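Per-entry structural report
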Amino acid sequence: MSLPRRVALLSLLLVVPLLPAAPASAAPRIQQRSLAPVSALPDTPVAATLSVGSLSSCVTVDELGVGVRDADQQNLDFPGSTGRTRICPGGYTLTTAGRSFPAGTYTEFGFYRIGSTYYDLPSQTLTVAAPTVRQVALVPARAAADTPVTATLALNSTACLTADEVGVGVRDADQQNLDFPGTATDVRICPQGYTLTTAARSFPAGTYTEFGFYRIGDEYHNLPSRTFTVTGSVTPPNPPTPPFPAGQLVFDEEFSSPPRTGTTWNDTSTSAYRYGNHNPDDDKLDWLQTGALSNRSGANAFTATPGTNLLENGDRSWDTGLLTTEGTQQGFQVRPGDYAEVRIQLPSGNGAWPALWTWKDGGNEIDSFEYHPDNPNLLELSNRINNAGTYYTDADAIRPGAWVSIGVHYGASNNDWYVNNKLVFSDHTGTGPNWSAYLILNLSICAGSWHPAPSDTNAISTAADYLRVWRPRA
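The shown structure was predicted, so the numbers you read here are calculated from the model rather than taken from an experiment.

For the chain, mean pLDDT is 89; residues scoring 70 or higher make up 92% of the total. Note on residues 1-24: pLDDT is under 50 here. Beyond four places in sequence and across chains, it has 0 contacts.

This is how it looks when you write it as structure tokens:
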């Protein structure tokens, strides 16, 4: 016999549990993935970009925007918030309209609204300040009288800005204007740097003041100045013999003429590069080209320029130069007891990476020096065989454009490094008694992992005056 309908419905209500109601104020799970900018120029319109996504199912909000508060908690939100917007796990990106801010520090955050309830996303600091432009390097420091020469100026900035003009100024003793021609216009200067190479001009013998400058509107900004000396010759003088009794000169490359390829030097390949003439594995953009080497004023110049070859990792190569004693008729190698010294002009420009080093059988590497202009006053001195080395700094002697002599006295139990004939580092580990290796002198170009890559397509160059090796007499 069936129960009365009313009793059956009552029984059903008694056995079905009641589900708790969701809190009315619970915020949907929306995540802020990115928010920009973190800096801006004073009184210059800038837009904000907010990227968000939901953590589970799609959520529809009634408004999405970017809020800004000043130190007094005044509302200075970016205009251009959205209306009804669907936000899903795949993400949604809003770019607001632009607005400007006075100089100062602000709190910036994304927000969304559902109904009349606002939900603020994580905040960050928005700094509005005029960027600082810094002169990283300026060359040359000297030139030959009445001989055309170009100038190279390397800059960077704490934040990107556009300059109406960038150039290199020169003043004589009477403050007459003798600027280098070939200024650049409408230049974007950013933290990663900018390098200008001017057109050429000549100067009478004398002493001048040289400086970089940039112009925004009608206002000129002069960067730190230096002395520019113009004499009858720029060939660096030969230095004295080593700073200790070193025996006989067994390798003497004065670079008074082009390198003797085939007999003394190999300029096409090295076993230190995986592919012989290029090596993307070591953060290098190098692609060796014989045309990157030239002889000028009694020195061998290494000049790197953007290349046409693609490296195996997809990076665009730079054509550059290398000299090694490996693979030559002489096959010269250094060994314990030898003292090798190079005199080199340090380069400017992001990406420059000159070095004198040794290599054989996949290693045996002693770095007489490595140099990077982003650390303008520092030389890296390294024993890669026994994991020893130091960073040597000297703001007077080590800087872009400076000529510096660097030598290593190789030893089985200790290597000594000399800079300008002064002992600056001893590793107390040495090479081992049976060590020998080929010499490599080159200009590499950084790919950007360890030091900045080139910031433009301007040529990068360095020059070597000599490379000599002394050996104890038997």
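Strand order in the open sheet formed by 3 strands is β1-β3-β7, and the pairing between neighbours is antiparallel. Either end of the sheet is taken by a strand with one partner, and the two such strands are β1 (30-36) and β7 (92-95). Along the sheet, successive strands turn relative to each other by an average axial angle of 20°, direction set aside. Bridge count between strand β3 (residues 49-54) and β7: 4 bridges; the pairing is antiparallel. Bridge pairing links T49 to T95 in β7.

Glancing now at the side chain of D416. Secondary-structure assignment places D416 in strand β30 (residues 416-419). Put simply, D416 is tucked away with no salt bridge, and the nearest opposite charge, on K422, sits 14 Å away. Here the side chain of D416 touches N414 through a polar contact of 2.9 Å, side chain to side chain. Sequence-distant contacts of D416, that is, excluding residues within four places in its chain, are made with G407, V408, H409, L423, F425 and S426.

Attention now goes to the pattern of salt bridges. Throughout the structure, instances matching the rule amount to 12 salt bridges. Across the salt bridge formed by D62 and R84, the nearest N and O atoms sit 2.8 Å from each other. Here the residue D62 occupies a position in the loop between β4 (59-61) and β5 (63-69), and R84 occupies one in the loop between β5 and β6 (85-87), the gap between them amounting to 22 residues. What makes D62 partly exposed here is its relative accessible area of 22%. On the accessibility criterion, R84 (64% relative accessible area) is exposed. In this structure, E253 engages R260 in a salt bridge whose closest nitrogen and oxygen atoms are separated by 3.8 Å. Relative accessible area serves as the criterion here: at 3%, E253 is assigned to the buried category.

The subject of this paragraph is the sheet that holds strand β2 (residues 39-40). Spatial ordering of the open sheet is given by β2-β9-β8-β5, a layout of 4 strands whose pairing is mixed. The sheet is open, and its two edges are formed by β2 and β5, each paired on a single side. Pairing geometry for β5 and strand β8 (residues 104-114), over 7 bridges, is antiparallel. Within the sheet, the bridge partner assigned to V66 lies in β8 and is G110.

Criteria and cut-off values
- Residues numbered from 1 in each chain as written.
- Predicted model: local features only at pLDDT ≥ 70, side-chain atom pairs only at ≥ 80, totals over all residues.
- Heavy atoms only, no water.
- pLDDT = per-residue confidence, 0-100.
- Contact = heavy atoms within 4.5 Å.
- Pairing = 2+ DSSP bridges.
- Helix = DSSP H or I, 4+ residues; strand = E, 2+ residues; numbered from the N terminus.
- Axes fitted to C-alpha atoms, helices over the stretch in contact; angles between N-to-C directions.
- Buried < 20%, exposed > 50% of the residue type's maximum accessible area, 1.4 Å probe, protein only.
- Lys, Arg positive; Asp, Glu negative; His and termini not counted.
- Salt bridge = Lys/Arg side-chain N within 4 Å of Asp/Glu carboxyl O.
- Polar contact = N/O pair within 3.5 Å; in protein donor to acceptor, adjacent residues only side chain to side chain.

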